[in-house]
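One-letter residues, chain by chain:
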Amino acid sequence: MTSLPTQSLEDRVRSIVASHRDDRGALLPILHAVMEEMGHVDPAAIPILADELNLSRADVYGVITFYHDFRQTPPGRRTVRICRAEACQAVGAAELADRATSRLGIGFGETTADGAVTLEQVFCLGNCATGPSVQVDGRLYGRVSPERLDSIIEVSA
Amino acid sequence: MSTSGGVTTVYVPRDSAARSVGADEVADAIGAEAGRPLRVVRNGSRGMLWLEPLVEVETPSGRIAYGPVAPEDVGELVAAGMLDGADHPLRLGLTEDIDWLRDQTRVTFARVGVVDPLSAEDYVAHGGLAGLRRALSLSPEQVVTEITESGLRGRGGAGFPAGIKWKTVREAKSELKFVCCNADEGDSGTFADRMLMEGDPFTLIEGMAIAAWAAGASEGYIYVRSEYPDAIATLRAAISTAYDHGWLGKRVLDSELSFDLFVRVGGGAYICGEETSMLESLEGKRGMVRAKPPIPALEGLFGKPTVVNNVLTLGSVPMILADGAAAFADLGVGRSRGTQVFQLGGNIARGGIVETAFGITLGDLVERYGGGTRSGRPVRAVQVGGPLGAYLPTSRFDLPMDYEAFAAADAMVGHGGVVVFDDTVDMAGQARFAMEFCAAESCGKCTPCRVGAVRGVEVIDRIVAGVDRKKNLKVLDDLCDLMTEGSLCAMGGLTPMPVKSALAHFPGDFGTTTEEGR
């Protein structure tokens, strides 16, 4: 079946909304589902969501931009998140952050030019006694030494 | 009961902290190396996180612990007879006899690490549902009275009496009421909510069902932060099982109670741990803080009367109903009744969960339980109560962990998180970070928080750089007062606490002496 990408985007978004029709205040669950399926919330989805949920486009845009989780551009093939909160700071998170940015040659919130890795900062992964902590595509790593970080990033790259 | 039918039972935690240091690989290795019929239970963590992955083997004398077990240790351990509880340098003896665990009073965490978190049978066999059954045999008013008499206060940080909140919702007139569990545990150094949700999710479900009965609510939401994917998956599986067993849905346990429960996932915004911001987020909006009044108990989710409690608060409810208010109220000191689940994190030798009655001193927690720093260097500062809590020096280790005693010392117990720093910490840097974090995570609704935090970073930078030091210290002091008094919620209102405490206890780090600062 060949369909224009915009049509398929519209179909996919409308079908996600349909599966959340009974949820109260459904926008966040819907946005999570869109992220899950497409990796990001394409700006073209905003008017469709607004239409489906009887919201203004500004409302939808406002919600997407309020939450760190929702991004409007595709992420890298893998997402590496480094915890920079206090408990991890106490055991060397700053060194990990510096090492990650210099190894990958990008800052937080950026993606490598080859599209392999997106680097993000996160404030607390709830792993405060076994830090410093790094999360790669939802998988949590604890007691991450600089050497272990290198191997985590290498696998990711 | 160790080897029923010749099958050995082994416990390897599924807790995400244990998994982060290799528990999955350890469980796989044990399965591969055992060479005999095995039942591997993926339990919650016992909370001794420096020993993770902690493997337990069921023997005729009880559960024998080994830890920390690396995947590459497994071959040797099995060869040494671990599956029969044999000796080995990693053998820690009977789990329950480990001093660190034995000296605690596990109430809310009684089942965590002991049971299979997703086994309904385990849950009932270990006392689950006793609280809900008793609650349903009482009138809602009697349940509220029981909670009030137990002295239970909100464990999320504010310490508001739970019974008063429930009574307010109970007496509000509305066709539709909600129970919302705040599981947006964003404070660095806190992980007890996560461990309870991953290690004993049915306790939270039972607590929420009791709250629903007491308040007259029919629908509940657990708002979990997206940083906790394992907790989300565990809760969803547990809720599905609870429906299957008639613990949720229509006519819960054949009673008059009907209660539907849903998991909602946050969006990575720290501010959504503030209750009104969480309610906005649950409604599908930006997590902007609401002005109070109206209080959520009267106009909460979608404007309806709503009970909002933290995971540990609701998780303590089943035990209070099962054993009676007095059993809970007998623990603790002053107006801080019951136990608190303290969390030791950061640069600490023995980090993890210490559940004990209120009143234990800060020093006892950090030194006796925590064993000092992981780096082996002297402890310099501890931050208690999350990013908005005070930094305290070791000279305050005599402080008892008690809401009022901490408040009197310009600090807060908060959610019970204790983060330890060694003598390499730069306290001016920590104070700057507090402001920076507030600037990044402020919802932006009120000016003292939104603008004050940005100005705070700039002023601290000027102080450290030695620019008009005396004048800028006064500006910082004024700014902190303004944020404390003028902010809409605790985000802006409490950010000055880490800043001012760092300045008060560690003035030298700001390139000045106390005298100059005055």
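By the naming in an unreviewed UniProt entry, chain B goes by Formate dehydrogenase subunit beta and is assigned to Planotetraspora mira.

A.B. asks: Pulling in residues and values, what's your account of the environment of Phe421 of chain B?
C.D. replies: Counting through the fold element by element, Phe421 of chain B comes out in strand β16 (residues 417-422). Remark: the alpha-carbon pair of Phe421 of chain B and Val382 of chain B, spanning 39 residues in sequence, is separated by 6.0 Å. With sequence-adjacent residues up to four places away left out, Phe421 of chain B is seen in contact with Glu86 and Ala90 of chain A together with Asn347, Pro378, Val379, Arg380, Ala381, Gln383, Tyr391 and Gln430 of chain B.

A.B. asks: Give a detailed account of the pairing of strand β1 (residues 78-83) of chain A, specifying residues and quantitative values.
C.D. replies: Residue and element names in this part refer to chain A. The buried count for β1 comes to five of six residues, which makes it a mostly enclosed element. Note that β1 and strand β3 (residues 117-122) share six bridges and pair parallel. Residue pairing in the sheet places Ile82 in a bridge with Gln121 of β3. Across three bridges, the pairing between β1 and strand β4 (residues 134-136) is antiparallel. When the bridges of β4 are listed, Ile82 appears paired with Val134.

A.B. asks: Give a description of helix α3 (residues 45-53) of chain A that names residues and reports values.
C.D. replies: Of the residues making up α3 of chain A, those classed as buried are Ala45, Ile46, Ile48, Leu49, Ala50 and Glu52 of chain A. Directly beyond the C-terminal end of α3 of chain A, a positive phi value near 55° is found at Asn54 of chain A.

A.B. asks: How would you sum up the packing of helix α17 (residues 427-441) of chain B against helix α21 (residues 496-505) of chain B? Please name residues and give values.
C.D. replies: All names here are of chain B. Between α17 and α21, whose axes approach to 8 Å, the crossing angle comes to 165°. With respect to α21, the axis of α17 lies roughly antiparallel. Regarding α17 and α21, the two cross each other, and that crossing is left-handed. Each of Met427, Ala431, Ala434 and Met435 in α17 lies in contact with α21, whose residues at this interface are Pro498, Val499 and Ala502. Taken together, the residues that form the contact of α17 with α21 break down as seven nonpolar, no polar and no charged.

A.B. asks: Explain the pattern of salt bridges to me, using residue names and the numbers behind them.
C.D. replies: As enumerated under the stated definition, the model contains 45 salt bridges over all chains in all. Measuring nitrogen to oxygen at the nearest pair gives 3.1 Å for the salt bridge that ties Glu198 of chain B to Arg194 of chain B. Of this pair, Glu198 of chain B and Arg194 of chain B both sit in helix α9 (residues 192-199), separated by four residues, roughly a single helical turn. Here Glu198 of chain B matches Arg194 of chain B in class, with each residue buried. Measuring nitrogen to oxygen at the nearest pair gives 2.6 Å for the salt bridge that ties Asp461 of chain B to Arg432 of chain B. Taken as a pair, Asp461 of chain B in helix α18 (residues 447-465) and Arg432 of chain B in helix α17 lie far apart in primary sequence, 29 residues in all. Asp461 of chain B gets classed as partly exposed once you look at its relative accessible area, which sits at 32%. Arg432 of chain B sits in the partly exposed class, given a relative accessible area of 28%. One connected set of salt bridges, linked through shared partners, spans Glu10, Arg14, Arg21, Asp51 and Glu52 of chain A.

A.B. asks: Can you explain the packing of aromatic side chains? Please cite residues and give values.
C.D. replies: Here the structure, examined in full by the defined rule, presents 17 aromatic pairs over all chains. Each ring, one from Phe342 of chain B and one from Phe358 of chain B, has its centre 6.5 Å from the other, and the planes form 85°; the classification is edge-to-face. In this pair, Phe342 of chain B is assigned in strand β12 (residues 339-346) and Phe358 of chain B in the loop between β13 (352-357) and α15 (362-369), connecting sequence segments 16 residues apart. Of the two residues, Phe342 of chain B and Phe358 of chain B, neither departs from the other in class, the shared state being buried. The structure contains a cluster of three or more aromatic residues connected by ring pairs, namely Phe123 of chain A together with Tyr270, Phe433 and Phe437 of chain B.

A.B. asks: Kindly report on the interface of chain B and chain A, identifying the contributing residues and their values.
C.D. replies: In this assembly, 62 residues from chain B lie in contact with 40 residues from chain A. Our count for the chain B to chain A interface comes out at two salt bridges. Summed over the shared surface of chain B and chain A, the number is 29 residue pairs in polar contact (both at pLDDT 80 or more). Elements supplying a minimum of two residues to the side of chain B that touches chain A: α1 (16-20), β7 (219-224), β8 (260-265), α12 (275-282), β12, β16 and α17 of chain B. Among the residues making up the side of chain B that touches chain A, the classes are represented as 28 nonpolar, 20 polar and 14 charged.

A.B. asks: Just give me the short version of the sheet that holds strand β2 (residues 38-41) of chain B, but keep the residues and values in it.
C.D. replies: Residues and elements named next belong to chain B. Across the sheet, which stays open at both edges, the five strands sit in the order β2-β1-β3-β4-β5 with mixed pairing between neighbours. In this open sheet, the two edge strands, each paired with only one partner strand, are β2 and β5 (91-94). This sheet shows a mean twist of 25° between the axes of neighbouring strands, independent of strand direction. Where strand β1 (residues 8-11) lies against strand β3 (residues 55-59), two bridges are found, and the strand directions are antiparallel. Bridged to Val10 within β3 is Val57.

A.B. asks: Before we move on, can you summarise unusual backbone geometry with the specific residues and values?
C.D. replies: Residue and element names in this part refer to chain B. Following Glu52, the chain continues into Pro53 via a peptide bond in cis, with omega recorded as -5°. Of note, the amide linkage connecting Gly67 to Pro68 takes the cis form, showing an omega dihedral of -10°. Along the polypeptide, Pro68 turns up in the loop between β4 (62-66) and α3 (74-79). Unusually for a residue other than glycine, Asp468 sits at a positive phi of about 40°. In this structure, Asp468 sits in the loop between α18 and α19 (469-486).

Basis of the calculations
- Residues numbered from 1 in each chain as written.
- Chains lettered and ligands numbered in written order.
- Predicted model: local features only at pLDDT ≥ 70, side-chain atom pairs only at ≥ 80, totals over all residues.
- Heavy atoms only, no water.
- Helix = DSSP H or I, 4+ residues; strand = E, 2+ residues; numbered from the N terminus.
- Contact = heavy atoms within 4.5 Å.
- Buried < 20%, exposed > 50% of the residue type's maximum accessible area, 1.4 Å probe, protein only.
- Pairing = 2+ DSSP bridges.
- Axes fitted to C-alpha atoms, helices over the stretch in contact; angles between N-to-C directions.
- Parallel < 35°, antiparallel > 145°, perpendicular 65-115°, else oblique.
- Left-handed = near helix turned anticlockwise from the far one by under 90°.
- Nonpolar A, V, L, I, M, F, W, Y, C, P; charged D, E, K, R; others polar.
- Salt bridge = Lys/Arg side-chain N within 4 Å of Asp/Glu carboxyl O.
- Phe/Tyr/Trp six-rings, centres within 6.5 Å; stacked < 30°, edge-to-face > 60°.
- Polar contact = N/O pair within 3.5 Å; in protein donor to acceptor, adjacent residues only side chain to side chain.

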